[in-house]
There are 2 protein chains.
Amino acid sequence: MKRSDRLIGMTQYVLENPMKLISLPYFSERYDAAKSSISEDLTIMNKMFKDEGIGYLESIAGAAGGIRYIPQYNESQSIAFIEHLAGRLEDPNRILPGGYLFMSDILGEPKTVSTIGRLFATAFAHLNIEAIVTVATKGIPIAYAVASFLNVPVVIVRRDPKITEGSTVSINYVSGSSRKIQTMVLTKRSLKQGSTVCIIDDFMKAGGTIDGMKSLLKEFDAHVAAIGVLAEAEDEEDERVVTDYTSLLQISNVDVKNTQIDVSRGNFFN
Amino acid sequence: MKRSDRLIGMTQYVLENPMKLISLPYFSERYDAAKSSISEDLTIMNKMFKDEGIGYLESIAGAAGGIRYIPQYNESQSIAFIEHLAGRLEDPNRILPGGYLFMSDILGEPKTVSTIGRLFATAFAHLNIEAIVTVATKGIPIAYAVASFLNVPVVIVRRDPKITEGSTVSINYVSGSSRKIQTMVLTKRSLKQGSTVCIIDDFMKAGGTIDGMKSLLKEFDAHVAAIGVLAEAEDEEDERVVTDYTSLLQISNVDVKNTQIDVSRGNFFN
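Remember, predicted model here, so these are calculated numbers, not experimental data.

## Brief notes about the overall build of chain A
Helix and strand content of chain A: 8 helices and 12 strands. Within chain A, the proportion of its 270 residues that are buried is 56%. At a minimum sequence separation of 6, the contacts of chain A that also span at least 24 residues come to 60%. Element-wise, carbon and sulfur atoms account for 47% of the exposed surface of chain A, whose accessible area totals about 11700 Å². The averaged location of the 33 negative side-chain charges in chain A is 6 Å from the averaged location of its 28 positive side-chain charges.

## A few points about the interface of chain A and chain B
Counting from both sides, the interface comprises 52 residues of chain A and, opposite them, 52 residues of chain B. Where chain A abuts chain B, roughly 4400 Å² becomes buried across the two surfaces, and 62% of that area is made up of carbon and sulfur atoms. At the junction of chain A with chain B, the criterion picks out 4 salt bridges. For the interface between chain A and chain B, the tally reads 14 residue pairs in polar contact (both at pLDDT 80 or more). Here the side of chain A that touches chain B gets 9 residues from one element, more than from any other, and that element is helix H1 (residues 3-16) of chain A. Taken together, the residues of the side of chain A that touches chain B break down into 26 nonpolar, 13 polar and 13 charged.

## A few points about the packing of aromatic side chains
As enumerated under the stated definition, the model contains 14 aromatic pairs over all chains in all. Note on A:Tyr26 and A:Phe27: the rings are 5.6 Å apart at their centroids and 65° apart in plane angle, and the pair reads as edge-to-face. Look at A:Tyr26 and you get partly exposed, because its relative accessible area is 30%. For A:Phe27, a relative accessible area of 0% gives the class buried. Geometrically, the ring pair formed by B:Phe27 and B:Tyr31 is stacked, given 6.3 Å between the ring centres and 20° between the ring planes. Of this pair, B:Phe27 and B:Tyr31 both sit in helix H2 (residues 24-31), 4 residues apart, roughly one helical turn. For B:Tyr31, a relative accessible area of 4% gives the class buried. Over the ring of A:Phe269 we find A:Arg265, and its NZ or CZ is 5.8 Å from the ring centre. Cation over ring: B:Arg189 sits above A:Phe102, and NZ or CZ is 4.0 Å from the ring centre.

## Here's the deal with the nonpolar core
If you look at the biggest cluster of nonpolar residues, it comprises 104 residues, and the most contacted ones within it are A:Ile132 and B:Ile132. Excluding its chain neighbours within four sequence positions, the residues that come into contact with B:Ile132 are B:Ala143, B:Val146, B:Ala147, B:Leu150, B:Val152, B:Pro153, B:Val154, B:Val155, B:Cys198 and B:Ile200. Judged by nonpolar contacts, the second largest core, of 40 residues, contains A:Val14, A:Phe49, B:Met10 and B:Met45.

## Considerations on the domain arrangement of chain A
Interface size is commonly expressed as the accessible surface area that is lost when the partners come together. All names here are of chain A. With domains assigned, chain A is organised as domain 1 (3-71) and domain 2 (75-269). Taking only C-alpha atoms into account, the centre of domain 1 sits 33 Å from that of domain 2. Contact residues are listed per partner, giving 9 residues for domain 1 and 9 residues for domain 2. For the pair domain 1 and domain 2, the two sides together bury roughly 620 Å², of which 52% comes from carbon and sulfur. Contact with domain 2 buries area across many residues of domain 1, yet Pro18, Met19 and Pro71 alone supply 68% of it, more than any other trio. On inspection of domain 1 and its partner domain 2, the count reaches 0 salt bridges. No other element matches strand S2 (residues 66-71), which puts 3 residues into the side of domain 1 that touches domain 2. Residues that form the side of domain 1 that touches domain 2 fall into these classes: 6 nonpolar, 1 polar and 2 charged.

## Quick notes on the sheet that holds strand S9 (residues 196-204) of chain A
All names here are of chain A. If you trace the 6 strands from one edge of the open sheet to the other, you get S6-S5-S9-S10-S11-S12, paired in mixed fashion. Of all strands in the sheet, those bounded by a partner on one side alone are strand S6 (154-157) and strand S12 (260-265). Strand after strand, the sheet turns through a mean of 25° between neighbouring axes, direction not considered. Sheet contacts for helix H6 (residues 110-124): S9, strand S10 (223-233) and strand S11 (246-255); angle to S10, the most-contacted strand, approximately 140°. Packing of helix H8 (residues 208-218) onto the sheet brings it into contact with strand S5 (131-135), S6, S9 and S10, and relative to S9 it is tilted by some 160°.

## Things to note about the side chain of A:Thr137
Within the secondary structure layout, A:Thr137 lies in the loop between S5 and helix H7 (140-150). Contacts of A:Thr137, omitting those with residues within four sequence positions, involve A:Arg159, B:Ala136, B:Ile140 and B:Arg158.

## Some remarks on the pairing of strand S9 (residues 196-204) of chain B
Residue and element names in this part refer to chain B. Summarising burial for S9: 9 of the 9 residues are buried, a large majority. Here strand S5 (residues 131-135) runs beside S9; their pairing, made up of 3 bridges, is parallel. Residue pairing across strands places isoleucine 132 opposite cysteine 198, the latter belonging to S9. Taken together, the 8 bridges between S9 and strand S10 (residues 223-233) define a ladder with parallel strand orientation. Paired with threonine 196 across the two strands is histidine 223, which belongs to S10.

## Some words on helix H8 (residues 208-218) of chain B
Looking at H8(B), one finds that the buried residues are B:Gly208, B:Thr209, B:Ile210, B:Gly212, B:Met213, B:Leu216 and B:Leu217. Of the surrounding secondary structure, the elements contacted by the buried residues of H8(B) are S5, strand S6 (154-157), strand S7 (168-174), strand S8 (181-187), S9 and S10 of chain B.

Conventions adopted
- Residues numbered from 1 in each chain as written.
- Chains lettered and ligands numbered in written order.
- Predicted model: local features only at pLDDT ≥ 70, side-chain atom pairs only at ≥ 80, totals over all residues.
- Heavy atoms only, no water.
- Helix = DSSP H or I, 4+ residues; strand = E, 2+ residues; numbered from the N terminus.
- Buried < 20%, exposed > 50% of the residue type's maximum accessible area, 1.4 Å probe, protein only.
- Contact = heavy atoms within 4.5 Å.
- Areas by Shrake-Rupley, 256 points an atom, 1.4 Å probe, with all protein chains shown as cover.
- Lys, Arg positive; Asp, Glu negative; His and termini not counted.
- Charge placed at Lys NZ, Arg CZ, Asp CG, Glu CD.
- Buried area = accessible area lost by both parts, 1.4 Å probe.
- Salt bridge = Lys/Arg side-chain N within 4 Å of Asp/Glu carboxyl O.
- Polar contact = N/O pair within 3.5 Å; in protein donor to acceptor, adjacent residues only side chain to side chain.
- Nonpolar A, V, L, I, M, F, W, Y, C, P; charged D, E, K, R; others polar.
- Phe/Tyr/Trp six-rings, centres within 6.5 Å; stacked < 30°, edge-to-face > 60°.
- Lys NZ or Arg CZ within 6 Å of the ring centre and 35° of its normal.
- Core = buried A, V, L, I, M, F, W, Y, C linked by side-chain atoms within 4.5 Å.
- Domains from an automatic or database assignment.
- Pairing = 2+ DSSP bridges.
- Axes fitted to C-alpha atoms, helices over the stretch in contact; angles between N-to-C directions.

Laid out in structure tokens, this is it:
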């Protein structure tokens, strides 16, 4: 097989398997090529990935070694993406009662969601995260996008126990926006005890929901290594109960009367 | 730029933009190469994609022409994937009360979900689908996987109206499993009138939920071009109300007492 053919196949395989250790013999056998040729291919790929701003190949030496694709979105592309997203969200037609924003159309775009996931993966790739935890419903697509770049499973916390899930652990929490006591449920067998996890959600005001997830995860002895929210907004009444988080967007001055709204970069870019 | 570098960049771009018409001048400019070189690159790529069983490049002639990557998973890989999945699901520990199966772990794996999406995209790529419609919660990840391969947005029908969504259309329907009247809601501005859509869900017994979605979509003058469910199972009490669907898996003989279960290929493979 020619190098040009091989590079196409290898690029596809590497991109589909981020964070996974791939041994050189795997490619050698798959494409019937000498290890030295594969090694050269990977050098070319590493340089090109860096040029394209999509990450790099990490080399792991030794008998059990190989390469791992670390997805890293470069800064200028990240900023351009978020500035464009912020511009779209500043549309006054998006303002909903209660100071919320209509974002379902944007969260329905697979490519936008995937890029959001790529940004969080860039920030969290070094944390050895073993699972992404989110709460139904709107955080789910973002959670899968992050998970696909970090190559880890998604665990979904539910607000209602479903009969199709088996035995569960549940907690009560107070949601900042409604000040009502709500229930959160996680199926026992969905998360191993003592996992290192990352919490992902679409929106955070005071952070009551995320704080509830943290309490629930304590019951699983989980270590919350990172919290990522697409958009944060100030809560008019309550102080924020979650402080260590990464946000891509910051929503402020939502003025329902004058249909005004400001959307700027989140603390991801600080 | 050398051909080898260019092929890596082009492969990445093409894979990230399935179903999208990409003009040759786009690549010419991006990689500063003659159109004839780009044309040769695409011929190599097309052959390699076919060899790897992941689809092909469709050529569109004329001034507004270019290429489109049509994701098509080949048959032997599709069968191997589904047989492996069926084997995992036949584990008696998965049986839950009511004859349901615990599938959350499998549906939590981004790679498994992505391959499920790839299979549905293979079946539905020629239908000019404009949006994927699913119902919260378990169908969501599969819907995004299909959508990412077909390059169309996802629209999520909810079982409870949320304050963050704006004005909605709702219908009542009878769910086969509980025989209770339930409500389904779709935000008005989330789907254009007259769209061609594909319904995706994780599980179907009698099909009451999917039938409800069809009724709701009628209110949007939508044309349901395809219905895809990961797993279908017989309903013990009700006859199936949805007949034109594509399933990847068929679950039968769920014997809660003897913890026995049969999982075989769905009608996707007929």
